[in-house]
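Listed below, chain by chain, are the residues.
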Amino acid sequence: MATHVLMPALSPEMKFGKLTKWLKREGDFVEAGDILAEIETEKATMEVEAVETGVLERILTPEGTDNVAVDSPIALIEPAAPGPAPAAVSVEPPLPDEPTILARVPAGSPVLAQAPQPRDATRKITVREALREALAEEMRRDPDVFVLGEEVGDAQGASRVTHGLFQEFGARRVVDTPIAEHGFAGLGVGAAMAGLKPVIEFMSFNFALQAVDHIVNSAAKTLYMSGGAVHCPIVFRGPNGARARVGAQHAQDFSAWFAHIPGLKVVAPYSAADAKGLLKAAIRDPNPVIFLEHEHLYSQSFPAPDDPDHLVEIGLARVCRAGGDATVIAFSHGVGLALAAADILAGEGIEVEVVDLRTLRPLDMPTILRSVRKTGRCAIVEEGWPQGGVGAEICARIVEEAFDDLDAPVRRVTGRDIPMPYAANLEKMALPQTADVVATVRALL
Amino acid sequence: MAAALSSPLAARPSASSAGENSFAADFSPEILSDFLGDGGELALYRGMLLIRRFEEKAGLLFGMGLIGGFCHLYIGQEAVVVGMRLAASPRDQFITSYRQHGHLLACGADPKAVMAEMTGRSGGLSGGKGGSMHMYAPEGGFYGGHGIVAGQVSIGTGLAFANAYRGDGRVCVAFFGDGAADQGQVAESLVMAARWRLPIVFVIENNRALPEDEGSGAPLADRGAAFGIPGAQVDGMCVQSVREAGEGAIFRAREGGGPTILEMRTERFRGHSMADPGKYRRKGEERRGPSSDPLDRQREKILALGLAGEADLKSIDAEVRARVGEAAEYAAQCPEPDPGALETNVLL
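Keep in mind that this is a model prediction, so the values were computed, not measured.

### Here's the deal with the packing of aromatic side chains
Part 1 of the reasoning: Tallied over the full model, the rule gives 12 aromatic pairs over all chains.
Part 2 of the reasoning: Judged by centre distance (5.2 Å) and plane angle (40°), the rings of phenylalanine 146 of chain A and tyrosine 165 of chain B are tilted. Of the two residues, phenylalanine 146 of chain A sits in strand S10 (residues 145-149) while tyrosine 165 of chain B sits in helix H7 (residues 151-166), which places them in two different chains. Of the two residues, phenylalanine 146 of chain A and tyrosine 165 of chain B, neither departs from the other in class, the shared state being buried.
Part 3 of the reasoning: Cluster of aromatic residues (ring-pair linked, three or more members): Phe184, Phe202, Phe205, Phe236 and Phe258 of chain A.
Part 4 of the reasoning: Over the ring of phenylalanine 94 of chain B we find arginine 85 of chain B, and its NZ or CZ is 4.3 Å from the ring centre.
Part 5 of the reasoning: Positioned above the aromatic ring of tyrosine 330 of chain B is the side chain of lysine 112 of chain B, whose terminal nitrogen or guanidinium carbon lies 5.3 Å from the ring centre.

### What about helix H4 (residues 212-220) of chain A?
Part 1 of the reasoning: In terms of residue burial, H4 of chain A counts as a mostly covered element, since seven of its nine residues are buried.
Part 2 of the reasoning: Every buried residue of H4 of chain A is listed here: Asp213, His214, Ile215, Val216, Ser218, Ala219 and Ala220 of chain A.

### A few points about the pairing of strand S6 (residues 54-59) of chain A
Residues and elements named next belong to chain A.
Part 1 of the reasoning: Among the six residues of S6, five are classified as buried, and the element is accordingly described as predominantly covered.
Part 2 of the reasoning: Pairing of strand S3 (residues 29-30) with S6 involves two bridges; the strand directions are antiparallel. The residue bridging phenylalanine 29 from the neighbouring strand is valine 55, located in S6.
Part 3 of the reasoning: With four bridges joining them, S6 and strand S8 (residues 73-78) adopt antiparallel strand pairing. In the sheet register, arginine 58 faces S8, and the bridge partner there is leucine 76.

### Quick word on the sheet that holds strand S7 (residues 65-69) of chain A
Adjacent strands of a sheet form backbone hydrogen bonds with each other and so pair up, either parallel or antiparallel.
Residue and element names in this part refer to chain A.
Part 1 of the reasoning: Here we have four strands laid out as an open sheet, ordered S5-S4-S2-S7, and antiparallel in their pairing. Sheet topology places strand S5 (45-49) and S7 at the edges, where each strand pairs with a single neighbour. Taking the axes of each pair of neighbouring strands and ignoring which way they run, one obtains an average angle of 40° across the sheet.
Part 2 of the reasoning: Across five bridges, strand S4 (residues 35-40) lies against S5 in antiparallel orientation. Across the sheet, residue glutamate 40 finds its bridge partner in S5, namely threonine 45.

### A closer look at unusual backbone geometry
Part 1 of the reasoning: Between arginine 361 of chain A and the following residue, proline 362 of chain A, the backbone shows a cis peptide bond with an omega angle of 0°.
Part 2 of the reasoning: For proline 362 of chain A, the location among the structural elements is in the loop between strand S20 (359-361) and helix H9 (365-375).
Part 3 of the reasoning: Cis geometry is adopted by the peptide bond preceding glycine 145 of chain B, which originates at glycine 144 of chain B and carries an omega value of 25°.
Part 4 of the reasoning: Note that glycine 145 of chain B resides in strand S2 (residues 142-146).

The rules behind these values
Residues numbered from 1 in each chain as written. Chains lettered and ligands numbered in written order. Predicted model: local features only at pLDDT ≥ 70, side-chain atom pairs only at ≥ 80, totals over all residues. Heavy atoms only, no water. Phe/Tyr/Trp six-rings, centres within 6.5 Å; stacked < 30°, edge-to-face > 60°. Helix = DSSP H or I, 4+ residues; strand = E, 2+ residues; numbered from the N terminus. Buried < 20%, exposed > 50% of the residue type's maximum accessible area, 1.4 Å probe, protein only. Lys NZ or Arg CZ within 6 Å of the ring centre and 35° of its normal. Pairing = 2+ DSSP bridges. Axes fitted to C-alpha atoms, helices over the stretch in contact; angles between N-to-C directions.

Okay, structure coming up:
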């Protein structure tokens, strides 16, 4: 009986990975412990070892395949005595209209999602791919756009968002910096003042604290201080917020910090389509834009349009699930929690309306108020700390502008008011969970 | 220089950039000619004198309560910016700290608009929203005017990055003081400027805000040594010495040789700002005497060379005083900004 070799996980939260290279071929005899293949995620690379001795009968996932689901079979090993490999391995006939190379992949494997589709059709792509496409498309469109940050170039990006850009655009436009956030943020501001369109990547927004002086004092205030004479068309982007098991200095949500600053636009998308459309809009925007990505979203797949001019206007929230009983306002990773909670509550007959803010500054108050006036009940989900948070601001504005429409106090689901702990159980307790959203909505009713 | 090896930017002589941006397109070198004239000794004297009389008047208006907040005067350091402006091409960029009035005038800004900004009036260069420390004249290549000590060093490095990216042959001259030289972002900027061989000249205006024995002991000109950036000490009280050193460094930058540090040995004759009487400065220590004044030196040179007589110099002074008086009058009379301006210019 043949044994499946399964796609291993490099971390508890890993769901997909890339099979970069097969080190054995079909028909090879392998012993337990032999290295079969190399896999990678945005974080690490790892070797896959054979778990038993036998013949590598079938490779189910060709090398170079991205988005291979954890625990999906990638190969078959037939336990056997050493000997010559069978001359031919029978394969299933190719599926109609599918490239031959995909024919051996079991139906249902994520790789099938990568099959070519007609242009302008909606595909499913990860948030990471969406961001990469946005960068590449805008760099092709405008020669003044360049990417600058730590390891964005030859190393392909610490979060692999800039994967392949160095190969296409070269070192002039995909610029690796020294580890000098304060300096390179200021450099980006200067380049923007000179009329270029820098996209500055922070490996993590935690490191942007080194650069916050230039973001606030230089980028955000110059248009005002100059009476409109000097513009600063710059994007600061990178992963923001929680990341698994990295401790307090690498897992803070800075949404409220930047949303506080006049002169900035602040964007925090959830879906791949929004990530792509908003990043493209941010790059084309004449103002400084803080673009907050989320580590946990990079590998999540969403439908996304293929249109190279797919833009999402900054400043517009989106009702991503309609409902009449309560409004849940969320952004970035929190939207996933809100949608999951809405599914659960729907089972109890509670219809939740989920508003994805998408932009944190300027806030789309008309959309928020319209929903709150409809449902009369509102909860706000954010990963950041409660005091002075995005939820606190939205709550204040709802109270100011729609107090009479409320049937219950506005409630917040936030990160706990503590530095992020390392231990897995404590970390989970410190972050908003779907169950917290469910409980909070129940409490509103 | 090892840094030369990894220089993808400087290696490109001509960027594929789609031409000049709006600021560069607005650039008008003719506004500089008003300040520098023919660039001769008399014109340099006139330029330095304009800054001197402007700053004296600013001090007066501050004392009268017409100028609020901070007011950092440039008196004593005039030769630095005037010499560098003469050394640079009209298309090169200048950027400096909050001690910027002289740089603004040297980059062709209208003294009336600069003074009116300091009094917070609608006719000010930033519409009254910036103040003494926050003015810009991109049409004259001047990019501020930065209130955070050393912030302009990183931003200036970015201007130079844009020049290299476009391959447009422009050079950025970034001015900062001896105090700012200790900021971490200065070292970060030096690393990047050296690594990418950016067309920039770092001008340290060493007005010796701190007693020398509080420093590291090594000259500020050597601050780039670890990055392979050459440096030189320059007599910052002599406008021609500044020009000569500036021309060499700017030429090197323009030719792809990368950054240079010029430590201008200068002296600020007033306190740090108008709020600071400057009493801590070298108490008991001999000033270098009146002959160290860059204006006196230029004046003596003009007379010695017979380029002009006392009467000519007096008439230049009268002309400059009249211009500054006109600026002060404008700044005092100009209305405050319209309340409608309060929330404009936050976003485009």
